[in-house]
Amino acid sequence: MDTNFSKDDIAFRDEVRKFFDDEFDSTLAKNLGDGHGDNYKESIIAWQKKLYKKGWIAPNWPKEFGGTGWTDTQKFIYESERGLAGVPDVLPFGLKMVGPVIYTFGTQGQKERFLPKILSSDHWWCQGYSEPGAGSDLASLTTSAEYAGANYLVNGRKIWTSLAQYADWIFCLVRTSKGARKQEGISFLLIDMSSPGVTVKPIITIDGRHSLNEVLFENVSVPVENLIGEQDKGWTYAKALLAHERTNMAEVADSKRMLTELKDKASKSIGGGGRCLADDQVFQKQVSDVELDLMALEYTELRALASIAEKGMPGPESSLLKIKGTEISQQLHELHLKVAAHHGGAIALTEEQYDEIKVGSDARNRYLYGRAATIYGGSNEVQRNVIAKAVLGL
Amino acid sequence: MDTNFSKDDIAFRDEVRKFFDDEFDSTLAKNLGDGHGDNYKESIIAWQKKLYKKGWIAPNWPKEFGGTGWTDTQKFIYESERGLAGVPDVLPFGLKMVGPVIYTFGTQGQKERFLPKILSSDHWWCQGYSEPGAGSDLASLTTSAEYAGANYLVNGRKIWTSLAQYADWIFCLVRTSKGARKQEGISFLLIDMSSPGVTVKPIITIDGRHSLNEVLFENVSVPVENLIGEQDKGWTYAKALLAHERTNMAEVADSKRMLTELKDKASKSIGGGGRCLADDQVFQKQVSDVELDLMALEYTELRALASIAEKGMPGPESSLLKIKGTEISQQLHELHLKVAAHHGGAIALTEEQYDEIKVGSDARNRYLYGRAATIYGGSNEVQRNVIAKAVLGL
Amino acid sequence: MNFDFSEEQTMIMDGISRYVREEYDFDVRRTIKDSNDGYSKEVWRRFSELGWLSIPFDEVYDGFGGKTDDLASVMIELGKGAIIEPYVASIVVFGTLLNESNNESLKKEIIPKIIHGNYIGSFAYIEEQSRFEITDIKTSAIKCDGGYTLRGQKLAVIDADKSDGFIVSTRTDNSQFSADGISLFLVDSESQGVSLSNYKTMDVHSASVITFEDTFVSDENLICALGNGYAHIKSVMPQILLALCSEALGIMETLNKLTVEYSKTRTQFGSPIGSFQALQHRMVDNFMAYEQAKSMVYRGLCEANNYLSGSINLDEFTRVAHAVKALVAKSSKQIGDESIQIHGGIGMTDELNIGHLVKRLMMINVEFGDGDFHQKCFGQN
Amino acid sequence: MNFDFSEEQTMIMDGISRYVREEYDFDVRRTIKDSNDGYSKEVWRRFSELGWLSIPFDEVYDGFGGKTDDLASVMIELGKGAIIEPYVASIVVFGTLLNESNNESLKKEIIPKIIHGNYIGSFAYIEEQSRFEITDIKTSAIKCDGGYTLRGQKLAVIDADKSDGFIVSTRTDNSQFSADGISLFLVDSESQGVSLSNYKTMDVHSASVITFEDTFVSDENLICALGNGYAHIKSVMPQILLALCSEALGIMETLNKLTVEYSKTRTQFGSPIGSFQALQHRMVDNFMAYEQAKSMVYRGLCEANNYLSGSINLDEFTRVAHAVKALVAKSSKQIGDESIQIHGGIGMTDELNIGHLVKRLMMINVEFGDGDFHQKCFGQN
């Protein structure tokens, strides 16, 4: 029972810390602007290319495909430092989603063709899963891919596609035949976004910003070599990916940073009548409610990592990472908004406007967009169904 | 939109207040002892006989059968004053449960035979509904009543029967035939507890006390004139009673009294380090959380009463009375236990023991026995199912 | 005991309800929100014609002479439309503060203009350091010849950019945190030394930071007795809070209705999602949260009448208003969150009305103190 | 990174688990609880034989030399049996306080007796006015010839009626609330001027009000340096809290297991109640509450090792212990309530083990400060 860091671990931590310190500057942070800066696309790619150059772009990949070969402790240290430094996570679609599917289930050709450009960030990927009629019930998707000689002809509509407006490629679940169970007959297809017949339509979210999209496919021709694994077996590959995705969703490092910022903000926040908000006992309780849960979740994640390292798969404790992680981050958003008080409603119109208005504006945008965290990636209701069945045997 | 009291109302309130002041003395309170005093049975009967003599035993009954003929405002005033004075409610089994069933669905003979003794508290009633296999799913009950000439032969087992150890009569739901739907074929039967074949077995609850029982029926012969209404139609009568029961379960007056006692206790409670518990902001917040909900519930109940007065039936708002009322009373139990701190675990062994130990003991017993409130009378889960269906149309 | 709105109130409510349904649906609202003015002068004129701008004003100034429950009944229905027009700022807040003032000549001049839709006002009281403490005021008003010179900054003044005048809370005596020595002035928005920095708010209203640099305001523009500003604010605050909470009530009713309806039509796993017990129980909890909020608002309105009749005093009425605002905040948060969650992805879109209603609830929560603030005020007394 | 108990720890845990399963089921427990002694001397002897009474004691006194995680591992398994024997009072609390003392002669005398099952001790520190503040002490110890004279009253001393001696916190200097000037003495239960008023506790342990009327205690019975008692308590408190929380963890695991099992067999409306989605989601929430509590306890145990190795200091370790107790209190409350509720009527009966496990959780919650108390300590630092 220990989490001691070895001397090597500490040296590694210092290296990571120095790297972020040197390379992730405030201009970059500003340009990324919570995913909505003016130069978001260029900036995130530039940052990822730095990581790529350093060899740190894919800590979770096996070393043979370009991974770091880090121990679990090193991975944990890297993530912690990333959160502390306020460095955004890499875009997940290529590196955490389709990449692992390709190196696990893809052909040698697919690996050679796609993995290097994922690592180098020369391909921007997006995820084509949800459909208007297939949300929580993903397996009822209807986007069809008809086999026609050397190509599939794809028709249908994907929705809630994050950052599709920037994407070069999309990985899709499509229906290639009608199986007895709806999970059968689904295939995993990689589609070039520049193919004729692909249209991206923006969806503006309640924060007033554009990160989601609909992606329409009208007779899009996709070469058969873009099929992952066997036709009609796509659900299997997607499920493997979902399990992987779930352990990525605790976002402990990011929540820890939000918590630090929250305490810092509150300690500077005038609470009216000459008092400081951080001294309010009820506020302290609300903050510590979240902090306690987060402290526990950090160890829940470590336990899951240790379990993967030891047994090759996460234990039951990992099932709650997505639910708790997203609930905690929403609570932190709420507290940030509480600190912002009147300014939480503000939408700044000019660059020059009062700082507090901008801070409030950021808090609100994160709060509002953050509502989606309990909906996407398998809604928290679906996650509870999964735990009830798979863990509790109900 | 008003709840003003008229002069007459205020005169009535003063009368009620005076009556409780004069008649409900501390010896009586002690003997009742939270339902577990040494002379509980004699004391509660003596108290009810006082109310009977005053003509106030059955505020909810129609005047013709012995009700008070009060306005809704008067009923509200009476209940409020009762709660404030710490006077226990009357035993519900006769006065609030079987009484209304008898005057609504009973024959003239049944009315004459039973109602007077319910009013005078000469008959102690208990309720035979639940069975080991029929709890939330009450309609699946199996206690059978076989028609044999002028009698029914009753066999089966009822459970969770409150205060059956004192009872002269029990009203039961029994199965008289197997209908297509399980709600069919149930009859409503009145059974003399002294009949041969009736056995009462105590159930000790987690508070270590005895108020619940099992009631066993072995070939108990029940005259057909003890059948309410038509054979096989008992479910209808029981349902009418359940709706009635639900509006009785908000227990606002009692919760208000518990709240007053809580604040009083906290203001005297030394919080350690020379501080007073009532000054702790987090504790204040916990108390006001409940107080706010209770203030709202009081008006929810009033709205339901006004709706009954106006339209002859409660509106959708009444559906939540049982759920919210029991949740609030459990929260109050919890806060009382919190105030008791170390003494909440105490079970006093002697009369002479330290006062705080006895106070803590009472708080704990109420807390523990109070857990049942969300289970009995249709568990809160079942209540939520009912609202989902009947109110929200889901 | 009576929890019905009066016949007259019901008639007005029906009128607003019909208007919102027939003339102010979400498409109309979207057009208005994207317009230059940020609200519709046409709609405002209609409100005036229909008499809705006159509700809280005394009959002597051509007002409707409405009491707290009249205003509340109007707000319930306006809430359902998530009206962008400056009704809260100008009628509920500015209007009530002015109507209860003892400055007869100002009232005679301004109130008829408001009622006819020719004057919009707002209340400038928040400062950088004040958070929710209305008495925490640095903005100074220094006596000068024929009036006062104002200096200071007010934040988050709702709908200020649409306003012809502001009621400004200033300090004419005592130190920053004192409840005494606060004075209220009506300041014309065109006065010299007044500058605004405007921004949008998430409920598609607007707000401004207003800076007063040696702004002259004449003695005639004093709203209530010198130094007595806080007593004045305090006396109208319960009515304002109840109006805001009534608006929230209308919104919550709408959100619950839309969510239950959606759950009956949205199908996943071969069944409407409303058939799943876990969601059913949560929608029941939302129903209860709404009913409890409704009971609490009604309690507030009954107590408003008790206050008018003299059977409770202002402190007692104020305590109830704190309770109402605190409980409504909780129900709002729960119903807002759950409405989006149960709608799922579609609930996250700007296109659907759900998010807009939720954002208005969020704005109501912070206006004049959030739920925690009011619960603390309530719990300490 | 390693979250497994060591081989040795696992062996002991398996031993206790087997013992609880095979020799200490709920019927055995019921017999013991109704016995005259209120616990089983036979069981206690077995504990001694099996080495479990030696866990926290130094090897030099024939102890096992266990660290925080050794004791915790034992408590997890003992928790599952809701053991009535005075393990917490005598081994965890009294034992740790004594073992960490610098009074070598006392340790040499008493510890071997404890290990052999011939001595039971308890800790008398709560006073009428102190609630959870360990430093709030009125009981005085006045210097006299060869020792001290104790005067005062201690409340809620767990398992005092079974004890041969008490460690008593007294004030030898400074005023009532000061952390300085507190001294700890080992007082023989047979000493003159010691009187007990005993009562039962809901977890079928016992507790006493102990009154000291001019009780003499010799200089040799001072547990740590004079006036340094609080520093001594503080230094062992994290270990005690972690042991209690580990016990709670074992109980919660059992409650969740029993509840899920019950929900699979109890049929209502023609289906096992575990098939109803609303209950499923709540059982998932209980599962999560347990897993989070487990993670937090493990965090505490890892930090205990970090404290031993010197990589964190006592204040840092204490803060984590506050966090563990606070979070475990929340999970305990949720799991306790829900275990009874989901069991329904049967969960309310004294016959079923559920209620007994819940009552032990409730007792653990108040021991050495309830969840709110620890969360406040945590949140303020």
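Since this is a predicted model, take the numbers as computed values, not measurements. (Residues numbered from 1 in each chain as written. Chains lettered and ligands numbered in written order. Predicted model: local features only at pLDDT ≥ 70, side-chain atom pairs only at ≥ 80, totals over all residues. Heavy atoms only, no water.)

A. Layout of the packing of aromatic side chains. Within this structure, the stated rule accounts for 82 aromatic pairs over all chains. A ring pair is formed by Tyr 299 of chain B and Phe 3 of chain C, whose centres lie 5.7 Å apart and whose planes are at 75°; its orientation type is edge-to-face. With Tyr 299 of chain B in helix H9 (residues 281–311) and Phe 3 of chain C in the segment before helix H1 (7–23), this residue pair bridges two chains. Assigned by exposure class, Tyr 299 of chain B and Phe 3 of chain C land together as buried. The aromatic ring of Tyr 298 of chain C is capped on one face by Arg 303 of chain B, whose charged end is 5.6 Å from the ring centroid. Over the ring of Phe 378 of chain C we find Arg 319 of chain C; its NZ or CZ atom is 4.0 Å from the centre of that ring. (Phe/Tyr/Trp six-rings, centres within 6.5 Å; stacked < 30°, edge-to-face > 60°. Helix = DSSP H or I, 4+ residues; strand = E, 2+ residues; numbered from the N terminus. Buried < 20%, exposed > 50% of the residue type's maximum accessible area, 1.4 Å probe, protein only. Lys NZ or Arg CZ within 6 Å of the ring centre and 35° of its normal.)

B. Local environment of the pattern of salt bridges. All names here are of chain A. Under the defined criterion, the tally for this structure stands at 108 salt bridges over all chains. Two residues, Glu 184 and Arg 181, come together in a salt bridge whose shortest N-O distance is 3.9 Å. Owing to a relative accessible area of 34%, Glu 184 belongs among the partly exposed residues under this scheme. (Salt bridge = Lys/Arg side-chain N within 4 Å of Asp/Glu carboxyl O.)

C. Region of the structure containing the nonpolar core. If you look at the biggest cluster of nonpolar residues, it comprises 125 residues, and the most contacted ones within it are Phe 47, Tyr 87, Val 92, Phe 123, Met 252 and Phe 368 of chain D. Judged by nonpolar contacts, the second largest core, of 122 residues, contains Leu 302 of chain B together with Ile 115, Leu 184 and Phe 378 of chain C. (Core = buried A, V, L, I, M, F, W, Y, C linked by side-chain atoms within 4.5 Å.)

D. Here's a closer look at the domain arrangement of chain A. All names here are of chain A. Taken as a whole, chain A is organised into domain 1 (7–90), domain 2 (125–232) and domain 3 (251–391). Spacing between the C-alpha centres of domain 1 and domain 2 amounts to 30 Å. Facing the four residues of domain 1 at the interface are five residues of domain 2. Both faces considered, domain 1 and domain 2 share a buried interface measuring about 470 Å² in area, 58% of it formed by carbon and sulfur atoms. When the area that domain 1 buries against domain 2 is broken down by residue, the three leading residues are His 36, Tyr 40 and Lys 41, summing to 87%. At the surface where domain 1 touches domain 2, the tally comes to one residue pair in polar contact (both at pLDDT 80 or more). Per-class residue counts for the side of domain 1 that touches domain 2 are one nonpolar, one polar and two charged. (Domains from an automatic or database assignment. Contact = heavy atoms within 4.5 Å. Buried area = accessible area lost by both parts, 1.4 Å probe. Polar contact = N/O pair within 3.5 Å; in protein donor to acceptor, adjacent residues only side chain to side chain. Nonpolar A, V, L, I, M, F, W, Y, C, P; charged D, E, K, R; others polar.)

E. Main features of helix H11 (residues 371–379) of chain D. Inspection of H11 of chain D places Gly 371, Phe 373, His 374, Gln 375, Cys 377 and Phe 378 of chain D among the buried residues, and these make up the whole buried set. The secondary structure elements touched by the buried residues of H11 of chain D are helix H9 (281–311) of chain A together with helix H7 (229–265), helix H9 (314–343) and helix H10 (353–366) of chain D.

F. Up close: unusual backbone geometry. Look at Ala 82 of chain C: it is not a glycine, yet its phi comes out positive at around 45°. Residue placement: Ala 82 of chain C occurs in the loop between helix H4 (68–81) and helix H5 (87–99).

G. Geometry of the environment of Ile 159 of chain B. Residue and element names in this part refer to chain B. Tracing the backbone through its elements, the reader meets Ile 159 in the loop between strand E3 (151–158) and strand E4 (169–175). Looking at Ile 159, the relative accessible area reads 11%, which means it is buried. Taking C-alpha positions, Ile 159 is 42 Å from Ala 278, a pair spaced 119 residues apart along the chain. In contact with Ile 159, not counting residues within four places along its chain, are Ser 130, Glu 131, Pro 132, Ile 203, Asn 213 and Glu 214.

H. View of the interface of chain C and chain B. Counting residues at the interface gives 41 residues for chain C and 40 residues for chain B. Buried area between chain C and chain B, summed over both chains or domains, comes out near 3800 Å², and the portion from carbon and sulfur atoms is 62%. Joining chain C to chain B, the criterion identifies five salt bridges. Asp 289 of chain B is the partner of Lys 330 of chain C in a salt bridge, and the nearest nitrogen-oxygen pair spans 2.4 Å. Here chain C and chain B share 17 residue pairs in polar contact (both at pLDDT 80 or more) between them. When residues of the side of chain C that touches chain B are traced back to their parent elements, those giving at least two are helix H7 (229–265), helix H8 (277–308), helix H9 (314–343) and helix H11 (371–379) of chain C. The element contributing the most residues to the side of chain C that touches chain B is H8 of chain C, with 19 residues.

I. Structural view of the pairing of strand E6 (residues 198–204) of chain A. Residue and element names in this part refer to chain A. Here seven bridges tie E6 to strand E7 (residues 210–223), and the two strands are oriented antiparallel to one another. By the bridge assignment for E7, Ile 203 is matched with Leu 212. In textbook terms, the turn of a hairpin is the stretch between consecutive antiparallel strands, and for E6 and E7 this stretch comprises five residues, one of which, Gly 208, has a positive phi near 80°. (Pairing = 2+ DSSP bridges.)

J. Representation of helix H8 (residues 252–268) of chain B in the model. All names here are of chain B. If you check H8, its first and last C-alpha atoms are 24 Å apart, about what 17 residues at 1.5 Å a residue would give, namely 24 Å. Turning to H8, its buried residues are Val 252, Ala 253, Ser 255, Met 258, Leu 259, Leu 262 and Ala 266. Buried residues along H8 sit against helix H4 (72–85), strand E10 (275–276), H9 and helix H10 (321–340). (Expected span 1.5 Å × (residues − 1).)

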